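# Close look at the chain arrangement
This is what each chain is made of:
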Amino acid sequence: MDLKPFIRESRAEFKKITWPTRKQVWYSTLVVIAVTLLLSAYLGILDLILTGVFSKILG
């Protein structure tokens, strides 16, 4: 593949990109943080429960 057409086509594709606004990025970041905290709390509680169950079974 020749380099000039590749660069020209890449620039054309870059112009088609719609970048998120600062507000969209902020809300997306908050959603990711919230989901991460909820999932880690759920897994932590599940770990405590399963640790107790298995310690009673094996202990």
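The numbering scheme is per chain: residues are counted from 1 as the chain's sequence reads. In keeping with the model being predicted, local features are shown solely for residues with a pLDDT of at least 70 and side-chain atom pairs are shown and tallied solely at 80 or more, while totals for entire chains, interfaces and linings include all residues. Processing note: side-chain calculations cover all non-hydrogen atoms of the structure and skip hydrogens and water entirely.

## A look at the overall build of the chain
- A tally of helices and strands in the chain yields two helices and zero strands.
- All radius of gyration figures rest on C-alpha atoms, and the globule criterion is 2.2 Å times the number of residues raised to 0.38. What you see for the chain is a C-alpha radius of gyration of 24 Å, clearly larger than the 10 Å of a compact globule of 59 residues, by over 25%.
- Projected onto its principal axes, the C-alpha positions of the chain cover 70 × 35 × 10 Å.
- Each residue gets one of three labels from its accessible area relative to the maximum for its type: buried under 20%, exposed over 50%, partly exposed in between, using a 1.4 Å probe on protein chains only. Looking at the chain as a whole, 0% of its 59 residues qualify as buried.
- With an accessible surface of roughly 6000 Å², the chain has 71% of that area assigned to carbon and sulfur atoms.
- Charge counting follows a simple rule: Lys and Arg are positive, Asp and Glu are negative, and His as well as the terminal groups are ignored. We put the charge of a Lys on NZ, of an Arg on CZ, of an Asp on CG and of a Glu on CD. Computed over 8 positive and 4 negative side-chain charges, the separation of the two mean positions in the chain equals 10 Å. Every helix listed is a DSSP run of H or I at least four residues long, and every strand listed is a run of E at least two residues long, numbered separately from the N terminus. Here the accessible surface of atoms and residues is derived via Shrake-Rupley with a 1.4 Å probe, and residues count as covered only by protein chains that are part of the display.

## Observations regarding the pattern of salt bridges
- A pairing counts as a salt bridge when a side-chain nitrogen of Lys or Arg comes within 4 Å of a carboxyl oxygen of Asp or Glu. Taken as a whole, this structure holds one salt bridge when the rule is applied.
- For the salt bridge of Glu13 with Lys16, the shortest nitrogen-to-oxygen distance reads 3.2 Å.
- When its relative accessible area of 47% is taken as the criterion, Glu13 is described as partly exposed.
- Overall, the relative accessible area of 58% leaves Lys16 in the exposed class.

## What to know about the UniProt feature "transmembrane region" (unreviewed entry) in the chain
- Residues annotated by UniProt as "transmembrane region" (unreviewed entry) correspond here to residues 25-45.
- Between the first and last C-alpha atoms of residues 25-45 the distance is 30 Å; the span itself is 100% helix and 0% strand. UniProt positions are given in the numbering used here, feature names are shortened, and annotations may be inferred rather than shown by experiment.

## As for a nonpolar patch on the surface
- The grouping of Leu39, Tyr42, Leu43, Ile45, Leu46, Ile49, Leu50, Val53, Phe54, Ile57 and Leu58 at the surface amounts to a nonpolar patch, some 1100 Å² of accessible area in total.
- Along the chain, Phe54 turns up in helix α2 (residues 22-58).
- For Phe54, a relative accessible area of 48% corresponds to the partly exposed category. To count toward a patch, a residue needs a relative accessible area over 30% and no salt bridge; like charges are then connected within 9 Å, while nonpolar side chains (Val, Leu, Ile, Met, Phe, Trp, Tyr) are connected within 5 Å.

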